[in-house]
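As a plain string of letters, each chain reads:
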Amino acid sequence: MPRPKIGFIGYGAMAQRMGANLRKAGYPVVAFAPSGGKDETEMLSSPRAIAEAAEIIIFCVPNDAAENQSLHGENGALAALTAEKLVLDTSTVSPDQADDFAKLAIEHGFSLLDAPMSGSTPEAESGDLVMLVGGDEAVVKRAQPVLDVIGKLTIHAGPAGSAARLKLVVNGVMGATLNIVAEGVSYGLAAGLDRDVVFETLQQVAVVSPHHKRKLKMGQNREFPSQFPTRLMSKDMGLLLDAGRKVGAFMPGMAVADQALALSNRLHADEDYSALIDAMEHSVANLPHK
């Protein structure tokens, strides 16, 4: 049987890699990219055109505002999201945004999963993302063939909105841990340890995750190719703190990391969020930022 057509709304670095894997698996893919790059995928003119053309629509946009524009703006997708459509929202958005999207799905009758992914561009390219999904079990089952192509594991977090909340947990741990790693580097360098010894030791010990070891290598090389831009990590930390405040969660470590990443964002917005290591190193060494 022919595979259903998949349409991306938002086609940046992560979506392009997911799209490439879906094409390899035999899915026809179309995309709308208001600001993202392009590849051999057929590009359509608007979110509405994507929703009309595709059976499965994947949102992959940077924030709440971009998602609302894609849904409700001129030629927005919502007008064409009819009962037979399946929507996967892989964007990292606020819990309130995820809840509002779920209400729209009920009102308009289409199927929806909040489905943010854990992983950066290397995992997206290899199809090794961990997919977090929130929604009805029957919808998860319907989406599973697509989820299996773009990810190595699907975690059903619970009802609609659960995955959006779980994604903030994951990214909060990522951001806060990176801040602690950067603080450790900062102390080691201030204490006069050899720079390479500090970086290479932290890349060998078990207490540092493989993800953060990759970030340490970037810091050691002073090169920060944008696997996860600082501007997006800083945005996600802000979403987490806003959401945490609403439920009364105690997150002082996350708050410190949010402030550190907000400062780094002023200098390294489009570089990988590991550039926080560089910002701290320059502060310790009393050197001008690049």
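All residue numbers refer to position in the chain's written sequence, counted from 1. Per-residue local features of the predicted model are confined to residues with pLDDT of at least 70, and side-chain atom pairs are confined, for both listing and counting, to 80 or more; whole-chain, interface and lining totals are unaffected and use all residues. The basis for every side-chain value is the complete set of non-hydrogen atoms in the structure, without hydrogens or water.

### Focus: unusual backbone geometry
- Although it is not a glycine, Asn75 adopts a positive phi angle of roughly 55 degrees.
- Put simply, DSSP H or I for four residues or longer makes a helix, DSSP E for two residues or longer makes a strand, and each gets a number counted from the N terminus. Structurally, Asn75 is set in the loop between α3 (64–72) and β5 (86–89).
- A positive phi angle is found at Arg222, which is not glycine, with a value near 55 degrees.
- Structurally, Arg222 is set in the loop between α9 (210–221) and α10 (230–247).
- With a relative accessible area of 42%, Arg222 lands in the partly exposed category. Only protein chains enter the accessibility calculation, which uses a 1.4 Å probe; a residue is then buried when its area is under 20% of its type maximum, exposed when over 50%, and partly exposed in between.

### A short note on the UniProt feature "domain: 3-hydroxyisobutyrate dehydrogenase-like NAD-binding" (unreviewed entry) in the protein chain
- UniProt positions are given in the numbering used here, feature names are shortened, and annotations may be inferred rather than shown by experiment. Here the UniProt-annotated "domain: 3-hydroxyisobutyrate dehydrogenase-like NAD-binding" (unreviewed entry) positions come out as residues 161–278.
- Taken end to end, residues 161–278 has its terminal C-alpha atoms 35 Å apart, with 75% of it in helix and 0% in strand.

### Details of the pairing of strand β2 (residues 29–32)
- On β2, burial covers both faces: Val29 and Ala31 on one face and Val30 and Phe32 on the other are all buried.
- Crossover handedness is defined here as right-handed if the route from the first strand over the helix to the second strand goes clockwise, with the strands pointing away from the viewer. Handedness of the strand β1 (residues 6–9)-helix α1 (residues 13–24)-β2 crossover: right-handed.
- Bridge analysis of β2 against strand β3 (residues 42–43) gives two bridges, and the strand direction is parallel. The residue bridging Val30 from the neighbouring strand is Glu42, located in β3. Strand pairing follows a simple DSSP-based rule, namely that at least 2 bridges must link the two strands.

### Thoughts on helix α6 (residues 137–150)
- By this rule, a helix spans an expected 1.5 Å times one less than how many residues it contains. Taking 1.5 Å of rise per residue, 14 residues should cover 20 Å, and α6 covers 19 Å from first to last C-alpha, within 8% of that figure.
- The term bend refers to the angle at a residue between two fitted axes, each drawn through seven residues, those ending there and those starting there. The principal kink in α6, of about 55 degrees, is found at Gln144, preceding the proline Pro145 by one to four residues.
- The complete set of buried residues in α6 reads Val139, Val140, Ala143, Val146, Leu147 and Ile150.

### Looking at the side chain of Glu281
- Mapped onto the elements, Glu281 comes out in helix α12 (residues 275–285).
- According to the relative accessible area criterion, Glu281 is buried, its value standing at 8%.
- If sequence neighbours within four positions are ignored, Glu281 has contacts with Leu189, Arg195, Phe199, Gly219 and Arg222. Between two residues, a contact is recorded if the distance between any of their heavy atoms is within 4.5 Å.

### A word on the packing of helix α7 (residues 162–190) against α10
- Lines fitted to the C-alpha atoms define the axes, with helices restricted to the stretch that makes contact. Angles between their N-to-C directions range from 0 to 180 degrees. Running from amino to carboxyl end, α7 crosses α10 at an angle of 120 degrees, the nearest separation of the two axes being 9 Å. Classified by the angle between their axes, α7 and α10 sit oblique to one another. Note on packing geometry: the crossing formed by α7 with α10 is left-handed. Where α7 abuts α10, its residues Leu168, Asn171, Gly172, Met174, Gly175 and Ala176 lie against Met233, Asp236, Met237, Leu239, Leu240 and Ala243. Here is the rule for angles: anything less than 35 degrees is roughly parallel, anything more than 145 is roughly antiparallel, 65 through 115 is roughly perpendicular, and the remaining ranges are oblique. Put simply, a crossing is left-handed when the front helix is turned counterclockwise from the back one by less than a right angle, and right-handed when it is turned clockwise.

### A few points about the pairing of strand β4 (residues 56–59)
- A two-sided burial pattern is seen for β4, the buried positions comprising Ile56 and Ile58 on one face and Ile57 and Phe59 on the other.
- When β1 meets β4, the two strands line up parallel, connected through four bridges. Bridged to Ile9 within β4 is Phe59.
- Summarising the sheet, β4 and β5 pair through four bridges and their orientation is parallel. Across the sheet, the residue bridging to Ile57 is Val87, located in β5.
- For the segment spanning β4, α3 and β5, crossover handedness is right-handed.

### Quick word on α1
- When the terminal C-alpha atoms of α1 are compared, their 17 Å separation across twelve residues agrees well with the 16 Å that a helix rising 1.5 Å per residue should span.
- The set of residues buried in α1 consists of Met14, Ala15, Gln16, Met18, Gly19, Asn21 and Leu22.
- Remark: Gly26 follows α1 within two positions and exhibits a positive phi of approximately 100 degrees.

### Looking at the side chain of Ser264
- By secondary structure assignment, the location of Ser264 is in helix α11 (residues 252–268).
- Judged by its relative accessible area of 1%, Ser264 falls in the buried class.
- The contact partners of Ser264, leaving out residues within four places of it in the chain, are Thr230, Ala269, Ala275, Leu276 and Ala279.

### Quick word on the packing of α1 against α6
- Where α1 contacts α6, the two axes come as close as 9 Å, and the packing angle between them is 110 degrees. Comparing the axis directions of α1 and α6 gives the class roughly perpendicular. Relative to α6, the crossing made by α1 is right-handed. Contacts between α1 and α6 involve Met18, Asn21 and Leu22 from the first element and Val146, Val149 and Ile150 from the second.

### Some details on the pattern of salt bridges
- Throughout this description, the term salt bridge denotes a Lys or Arg side-chain nitrogen within 4 Å of a carboxyl oxygen of Asp or Glu. Taken as a whole, this structure holds 13 salt bridges when the rule is applied.
- When the shortest N-O distance is used, the salt bridge between Arg17 and Glu125 registers 3.6 Å. Of the two residues, Arg17 is situated in helix α1 and Glu125 in helix α5 (residues 121–126); the sequence distance between them amounts to 108 residues.
- The class of Arg17 is partly exposed, set by a relative accessible area of 28%.
- Asp242 is paired through a salt bridge with Arg245; the nearest N and O atoms lie 3.2 Å apart. Taken as a pair, Asp242 and Arg245 lie in helix α10 at a separation of three residues, close to a single helical turn.
- Exposure remark for Arg245: the relative accessible area of 61% places this residue in the exposed category.
- What emerges from the salt-bridge pattern is a single network uniting Arg195, Arg222 and Glu281.

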